[in-house]
Amino acid sequence: MRLAEGAPVALAGILAACNGAAADSRPAADSADTADTASEADTAAYDPPDLGGCVDAPAGPVVLDSAAYARYVGAEMAVSDPDGDGCPAVLASGASSSVDPGHAATYLAGPPVASAGLEDTATAVISLADPDDDFAHSVGVLDGGRVLAVPSGDLAGAIYLFDAAAVAGAITAASASAAINFELSERGGQSGYDLATGDADGDGTEDILVSDLEVWEEPSYTTRVWLIHDALDLAAVAGKVTPDARLLERVPDDAEAFGRSLALADLDGDGLDDTIVGDPAFHSGTWSTLQRVFIWAGPVAALPAPEAPAVVGAGSVPGGSYFGYSLATGDVDADGYLDLAVGARNLEVGGELGSGGVFVFHGPVVDVTADEADAVIEGVAERWGGVGESITMAAAGPAPAPLDLVTGGDGVHENAGAVYRVPAPLAPRVNLDESYEIARGGELEALGLGVANLGDVDGDGIDDIVASCAPVDDYGALWFLYSSALAR
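Residues numbered from 1 in each chain as written. Predicted model: local features only at pLDDT ≥ 70, side-chain atom pairs only at ≥ 80, totals over all residues. Heavy atoms only, no water.

**Some points on the pairing of strand β17 (residues 261–265)**
Alright, step 1. With 5 of 5 residues buried, β17 lies mostly within the body of the structure.
Alright, step 2. Burial along β17 is two-sided: the face carrying S261, A263 and A265 and the face carrying L262 and L264 are both buried.
Alright, step 3. As judged from the 5 bridges shared by β17 and strand β18 (residues 274–279), these two strands associate in the antiparallel manner. The partner of A263 across the bridge, within β18, is I276. (Buried < 20%, exposed > 50% of the residue type's maximum accessible area, 1.4 Å probe, protein only. Helix = DSSP H or I, 4+ residues; strand = E, 2+ residues; numbered from the N terminus. Pairing = 2+ DSSP bridges.)

As structure tokens, this is what we get:
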């Protein structure tokens, strides 16, 4: 694993935001300035600053290469601080493959400070998936991160729960503290495709939202999303979750990829988590009307949900853009309401199919279309660049400052991939270019498959990022992007 030659490492846009960036949300440095900074970073001696954070960041990204042939390492990541020491723990998915079956997840109890092997660095490597199946690539945490939730990849359908304080080394389902099993009357599909945790019914206990895509139900495939109330209590009870615990199934009937993305977050400011489900309509013949995100206002206690959802629709966004492919929530305008970011990884930009983009809607979010988005982040005009593959939000100053938007494009630069950070305040339209990059992968590394907010690990006042890459027919990796190291 290596950085592409000349990869930019300056956070010019973020630093400009901290110092009062212009309202057009463009970085202060032009591309020539960025290239000069990158060149200096390749040759200058580096003395890591002591910033009073969790780590003293080394120069450039810290890269943990996986030795397991698992293309989807880090497609989904959950970050928490289970022991409250200010050092984040990272749980990263890692779907199995026919070569290295069963590599379901890796867990790092603290952020790394030097590039190394992922499995050697990890606190634990969790192996669950069926050798013949590679669809379990979501993870989550409960109870502040003290409980790790990892779906299995087998066709039966199960979520295994692990005590974070007890996991170490190579572990299997036998080490799970509990399991939530699904009673499936039909053949399971892409079980555990995505997973979100939160309090959907407002009772003060944590729930799990999990999707199961491409399930065969005569005469065609369907999709399912399960809402598991009181997950920790339920896990202590013998037996399986029955179909009565299923939240939604193909709602409405023309849903194509219902559950490709999931979130539980309070988008209307009433203090209750709302249930958010993306449906990017992968295969529909009428894509332009079916790409959408459904939002059920909390609490969602009765099953199925009795109230009709709000719909964030693609509007005039062309069919096949995969609007709803990814989701993120956070307050990008610092008005006290959470906002919703929706990825469209196949959006056409500048005549190039699949360039990708992100649409941002200010909260409270109601029925709205992409044409009414408060901000649109367009990817670089490169065929199959895939911007919007992954999204997170991150602070570049003390609360209640607005949040930056971070997105991955795993296909840009001819599949090298890159991670972009757009500083707040977000302009109504932002066209990404290299000056927004905070990291770029090497040849065919596909950096940007996943991104997650680590918090301010290095103590410089700017939230740091962990990203993943998934090379085609190769080995994945996690990249830790500490802002103090990238900004030097």
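From this point, the narrative continues.
**Concerning the sheet that holds strand β26 (residues 387–395)**
Alright, step 1. Spatial ordering of the open sheet is given by β26-β27-β28-β30, a layout of 4 strands whose pairing is antiparallel. Here the strands that pair on one side only, and so sit at the sheet edges, are β26 and β30 (437–440). Between one strand and the next, the sheet's axes are offset by a mean angle of 20°, whatever the strand orientation. (Axes fitted to C-alpha atoms, helices over the stretch in contact; angles between N-to-C directions.)

**Considering the confidence of the model for the chain**
Alright, step 1. Scored by pLDDT, the chain has a mean of 81; 74% of the residues are at 70 or more.
Alright, step 2. Between residues 1–51, whose pLDDT stays under 50, and residues either more than four places distant or in other chains, the model counts 98 contacts. (pLDDT = per-residue confidence, 0-100. Contact = heavy atoms within 4.5 Å.)

**Some thoughts on the sheet that holds strand β25 (residues 375–378)**
Alright, step 1. Strand order in the open sheet formed by 5 strands is β21-β22-β23-β25-β29, with mixed pairing between adjacent strands. Sheet topology places β21 (323–330) and β29 (429–431) at the edges, where each strand pairs with a single neighbour. Sheet twist, expressed as the mean angle between neighbouring strand axes with direction ignored, is 15°.
Alright, step 2. Examined bridge by bridge, β25 and β29 share 3 bridges and lie parallel to one another. Note on β29: the bridge partner recorded for V376 is R429.

**A short note on the side chain of D207**
Alright, step 1. You can see D207 is positioned in strand β13 (residues 207–217).
Alright, step 2. For the buried residue D207, which engages in no salt bridge, the nearest side chain bearing the opposite charge is R146, 16 Å off.
Alright, step 3. A distance of 2.7 Å separates a polar side-chain atom of D207 from the backbone nitrogen of A200.
Alright, step 4. For D207, the side chain forms a polar contact with the main-chain nitrogen of D201, separated by 3.3 Å.
Alright, step 5. D207 has contacts with L142, A196, T197, G198, D199, A200, D201, L227, I228, H229, D230 and L264, leaving out every residue within four places of it along the chain. (Lys, Arg positive; Asp, Glu negative; His and termini not counted. Salt bridge = Lys/Arg side-chain N within 4 Å of Asp/Glu carboxyl O. Polar contact = N/O pair within 3.5 Å; in protein donor to acceptor, adjacent residues only side chain to side chain.)

**Side note on the state of the cysteines**
Alright, step 1. Counted by the stated rule, this structure contains 1 disulfide.
Alright, step 2. Covalently, C54 is tied to C87 through a disulfide, its sulfur atoms 1.3 Å apart. A torsion of 65° about the S-S bond marks the disulfide between C54 and C87 as right-handed. A residue pair is termed long-range when its members are at least 10 positions apart, and C54 in the loop between α2 (31–43) and β1 (62–65) and C87 in the loop between β2 (77–80) and β3 (89–93) qualify at 33 residues.
Alright, step 3. According to the relative accessible area criterion, C54 is partly exposed, its value standing at 25%.
Alright, step 4. Relative accessible area serves as the criterion here: at 17%, C87 is assigned to the buried category. (Disulfide = S-S within 2.5 Å.)

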